[in-house]
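# Notes for the structure review
Given next are the chains, with one letter for each unit.
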Amino acid sequence: MPRTQWGSRLGFILASAGATVGLGSIWKFPYVTAMNGGGAFLLVYLAFTFTLGLALLQAELALGRAAGCGAVGAFSKLGSPRWKLLGYGGVLCCFLVFSFYSVVGGWTLGYLLRALDGRVMSDDVNALGALFGQYVGDPAEALLTHALFAGLTLLVVAGGVQKGIERVGKLLMPLLFLLMLALIVRALTLPGAMAGVEALFRPDFARLTPGMLVEALGLACFSLSVGAGCMLAYGSYLGPGTRLGNSALWVTGLTALTSVLAGLMIFPAIYAFGLNPQAGPGLTYMVMPVVFNHLPYGQLFATAFFALLLMAALTSAVSLLEVVAILPIDEFGISRRKAALAVTALAFLAGVPAALSFGPLADCKLFGRNAFELMDYAASNVLLPLGCIGTALFAGRVAWPAVRDELRLSAPAALLMRVACRWLAPLMIGLVLAYNL
């Protein structure tokens, strides 16, 4: 049976950009940038994104199209059965991330409902913090929104590549950018907003440290969803006529643009009201409502903001679920709907401890971390860097002829690409792994 393909190149680019643009782009990029020198960190992040990050993205897309299957089958087909372990590692990483990411997506869904009924509209940061704590600590509501978000993701993936994933990407990505632009325009018109713009773009090179370089490289790889097989799976649905290098550049550019736009959306508003730009996740759920409360039609802006977060979370969750669901589809011939349903059910169950980590299981910790933090740490700090290293080595050493042929590189570009995969990416991401352990 012929493999399903994307309906159009634009659909593939928007779906892939949706996979890379997630909650991290909205809240993580701004506060990590603020903590690491503003413009200096931004320059380093962009440099890593458009060099090593782009190289790994191209490699995954090339491997996927060359093999015409998901990560487990691709590593076996283009290498040998022993390389399947690398594919299974990517699937495990995506399963873990989807399990707790669905919990966070559920929080976003819950806060969208709170924006609609006005409960988040307050000037009191402490009261908003208590509201957030009460919400995530309520086991019934945390589990309910976790289930609802997982169900939304299931509906998209079960719909198939063209009618599900591609259609949602075409709808949500342009809408996401329009909402961001509307919020940016409003933020830039606030008194004192230019201080936030300066904080975002003015480089402070005195803040350049080895730790900051490691942070920038890690964020670049994380934001492009490389190392876990997401882009490999999406590449497997590409037809032979699509130019991989050009498409990868578009996806990378849209991902970087979204991160910068998120900074422009949040920094001016935060500085205009004298709030803390380094509040981390609290910037989204506990601080931004204060900003909206000071704006005309603030509830409308709050609703738009949390709708934007929900879109970003959903498009990323779809790619995570697809990587896991594609394993039983490719390896065992199970139908897409049955595979997606089974994986979603298992991921929901695996995410239950994460959903209860801030309520009934708050005191249940291992190595000083609750279940949510352990799952996040294992996936982001261990499995993802290992996947990046393994994919780079596989592309540069084992399956290089297939990668080179799929990308149709000139001799100089092929040399740079192979050096990046064989040496630079494994070495530098290895430093990230060592730093994070």
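Residues numbered from 1 in each chain as written. Predicted model: local features only at pLDDT ≥ 70, side-chain atom pairs only at ≥ 80, totals over all residues. Heavy atoms only, no water.

## A few points about the overall build of the chain
For clarity, the cut-off: Each helix corresponds to a stretch of at least 4 residues labelled H or I by DSSP, and each strand to a stretch of at least 2 residues labelled E; elements are numbered beginning at the N terminus. For this measure, only C-alpha atoms enter the radius of gyration; the expected value for a globule follows 2.2 Å times N^0.38, where N is the number of residues. For each residue, the accessible area found with a 1.4 Å probe, counting protein chains only, is set against the maximum for its type, and the residue is called buried under 20%, exposed over 50%, and partly exposed in between. We call two residues contacting when some pair of their heavy atoms lies within 4.5 Å. All accessible-area figures derive from a Shrake-Rupley calculation using a 1.4 Å probe, and residue coverage is judged against the displayed protein chains alone. Charge convention: Lys and Arg are scored as positive, Asp and Glu as negative, and His as well as the terminal groups of each chain are ignored. In plain terms, the charge of a residue is placed at NZ if it is Lys, CZ if Arg, CG if Asp and CD if Glu.
In terms of regular secondary structure, the chain is built from 18 helices and zero strands. Relative to the 2.2 N^0.38 estimate, which gives 22 Å for 437 residues, the radius of gyration of the chain is 21 Å and therefore close to what a compact globule would have. Its C-alpha atoms give the chain principal-axis dimensions of about 60 × 50 × 45 Å. By residue count, 58% of the 437 residues in the chain fall in the buried class. Put simply, 83% of the contacts in the chain that link residues at least 6 apart link residues at least 24 apart. Summing over all exposed atoms, the chain offers an accessible surface of approximately 17000 Å²; the carbon and sulfur share of this is 68%. The distance from the centre of the 26 positive side-chain charges to the centre of the 18 negative ones in the chain is 13 Å.

## Some words on the pattern of salt bridges
Here is the rule: What makes a salt bridge here is a side-chain nitrogen of Lys or Arg within 4 Å of a carboxyl oxygen of Asp or Glu, nothing more.
Enumeration over the complete set of coordinates arrives at seven salt bridges. For glutamate 198, the salt bridge goes to arginine 202, with nearest N and O atoms at 2.8 Å. Arginine 202 sits in the exposed class, given a relative accessible area of 56%. Residue arginine 404 pairs with aspartate 405 through a salt bridge whose shortest N-O separation is 3.5 Å. Residue arginine 404 is classed as partly exposed on the basis of its relative accessible area, which comes to 34%.

## Considerations on unusual backbone geometry
At tyrosine 297, a residue that is not glycine, the phi angle is positive and equals roughly 55°. With respect to the helices and strands, tyrosine 297 occurs in the loop between helix 13 (282–293) and helix 14 (298–332). With a phi close to 55°, phenylalanine 367 is a non-glycine residue in the positive phi region. Within the fold, phenylalanine 367 resides in the loop between helix 15 (336–355) and helix 16 (371–398). We classify phenylalanine 367 as exposed; its relative accessible area is 71%.

## Some thoughts on the nonpolar core
The condition is simple: To qualify as a nonpolar core, a set must consist of buried Ala, Val, Leu, Ile, Met, Phe, Trp, Tyr and Cys residues joined through side-chain atoms within 4.5 Å.
Counting residues in hydrophobic clusters, the biggest one holds 161 residues, and the most contacted among them are Trp107, Met265 and Phe305. Counting residues per element, this core draws most heavily on helix 14, which supplies 21 residues. Among all residues touching phenylalanine 305, those that are not within four sequence positions of it are Ile26, Leu183, Met265, Thr284, Met288 and Phe292.

## Some details on the packing of helix 3 (residues 39–67) against helix 12 (residues 244–272)
Where we set the bar: Only the contacting stretch of a helix is used when fitting its axis, a line to C-alpha atoms as for every element, and angles between N-to-C directions run 0 to 180 degrees. Angle categories are assigned with fixed cut-offs, so that under 35 degrees is roughly parallel, over 145 is roughly antiparallel, 65 to 115 is roughly perpendicular, and the rest are oblique. What makes a crossing left-handed is the near helix being turned counterclockwise from the far one by less than a right angle; a clockwise turn instead makes it right-handed. Ten residues, namely Ala, Val, Leu, Ile, Met, Phe, Trp, Tyr, Cys and Pro, are considered nonpolar, four, namely Asp, Glu, Lys and Arg, are considered charged, and the remaining ones, Gly among them, are considered polar.
The geometry of helix 3 relative to helix 12 is characterised by a closest axis approach of 9 Å and an angle of 140° between their N-to-C directions. With respect to helix 12, the axis of helix 3 lies oblique. Note on packing geometry: the crossing formed by helix 3 with helix 12 is right-handed. In this structure, helix 3 uses Leu42, Tyr45, Leu46, Thr49, Phe50, Leu54, Leu57, Gln58, Leu61, Ala62 and Arg65 to contact helix 12, whose residues at the interface are Leu244, Gly245, Ala248, Leu249, Val251, Thr252, Gly253, Ala256, Ser259 and Val260. Considered class by class, the residues forming the contact of helix 3 with helix 12 number 14 nonpolar, six polar and one charged.

## Remarks on a nonpolar patch on the surface
For the record, the criterion: Residues enter a patch when their relative accessible area is above 30% and they make no salt bridge; the linking distance is 9 Å between like charges and 5 Å between nonpolar side chains (Val, Leu, Ile, Met, Phe, Trp, Tyr).
Side chains of Leu43, Phe205, Leu208 and Leu213 sit close together on the surface and give an oily, nonpolar patch of about 360 Å² of accessible area. Note on placement: phenylalanine 205 falls in the loop between helix 9 (193–201) and helix 10 (210–223). A relative accessible area of 49% means that phenylalanine 205 is categorised as partly exposed.

## Notes on the state of the cysteines
Stated precisely, the cut-off is as follows: Disulfides are defined as pairs of cysteine sulfur atoms found within 2.5 Å of each other.
In total, this model carries zero disulfides according to the counting rule given. There is no disulfide at cysteine 221, and the cysteine sulfur nearest it, in cysteine 388, is 4.6 Å away. Of the residues examined, cysteine 221 reaches a relative accessible area of 6% and is grouped as buried. Cysteine cysteine 421 shares no disulfide, and the gap to the nearest cysteine sulfur, in cysteine 388, comes to 11 Å. Taking relative accessible area as the criterion, cysteine 421 reaches 1% and is therefore assigned buried.

## Things to note about the packing of helix 7 (residues 139–158) against helix 14
The N-to-C vectors of helix 7 and helix 14 enclose an angle of 60°; their axes lie 9 Å apart at closest approach. In terms of orientation, helix 7 and helix 14 fall into the oblique class. Judged by the twist between their axes, the crossing of helix 7 over helix 14 is right-handed. Residues Phe149, Leu152, Thr153, Leu154, Val156 and Val157 of helix 7 lie in contact with helix 14, whose contacting residues are Leu310, Ala313, Leu314, Ala317, Val318, Leu321 and Glu322. Along the lines of polarity and charge, the residues of the contact of helix 7 with helix 14 split into eleven nonpolar, one polar and one charged.

## Describing the confidence of the model for the chain
The line we're drawing: One confidence number per residue, pLDDT, is output by the predictor and ranges from 0 to 100.
Taken residue by residue, the chain gives an average pLDDT of 84. The fraction at 70 or more is 95%. The secondary structure element of the chain with the lowest average pLDDT is helix 1 (residues 9–20), at 73, and the one with the highest is helix 15, at 93.

## Side note on the packing of aromatic side chains
Let me state the cut-off plainly: Centre distance within 6.5 Å is the pairing criterion for rings of Phe, Tyr and Trp, where only the six-membered ring of Trp is used; planes under 30 degrees apart are then read as stacked, over 60 as edge-to-face, and the remainder as tilted. Criterion for a charge above a ring: Arg CZ or Lys NZ at most 6 Å from the ring centre, at most 35 degrees from the ring normal.
Under the counting rule described, the total for this entry stands at 14 aromatic pairs. Measuring from ring centre to ring centre gives 5.6 Å for tryptophan 107 and phenylalanine 132, while their planes differ by 85°; the resulting arrangement is edge-to-face. Of this pair, tryptophan 107 sits in helix 5 (residues 84–117) while phenylalanine 132 is found in helix 6 (residues 125–137), placing the two residues 25 residues apart along the sequence. For the pair shown, tryptophan 107 and phenylalanine 132 are each scored as buried. Considering the side-chain rings of tyrosine 111 and phenylalanine 306, the 5.5 Å spacing of their centres and the 50° angle between planes classify their relative orientation as tilted. Here tyrosine 111, found in helix 5, pairs with phenylalanine 306, found in helix 14; they are 195 residues apart in sequence, far enough to count as distant. Both residues of the pair, tyrosine 111 and phenylalanine 306, belong to the buried class. Here the basic side chain of arginine 369 rests over the ring of tyrosine 377, its NZ or CZ set 4.0 Å away from the ring centre. Positioned above the aromatic ring of tryptophan 423 is the side chain of arginine 397, whose terminal nitrogen or guanidinium carbon lies 4.5 Å from the ring centre.

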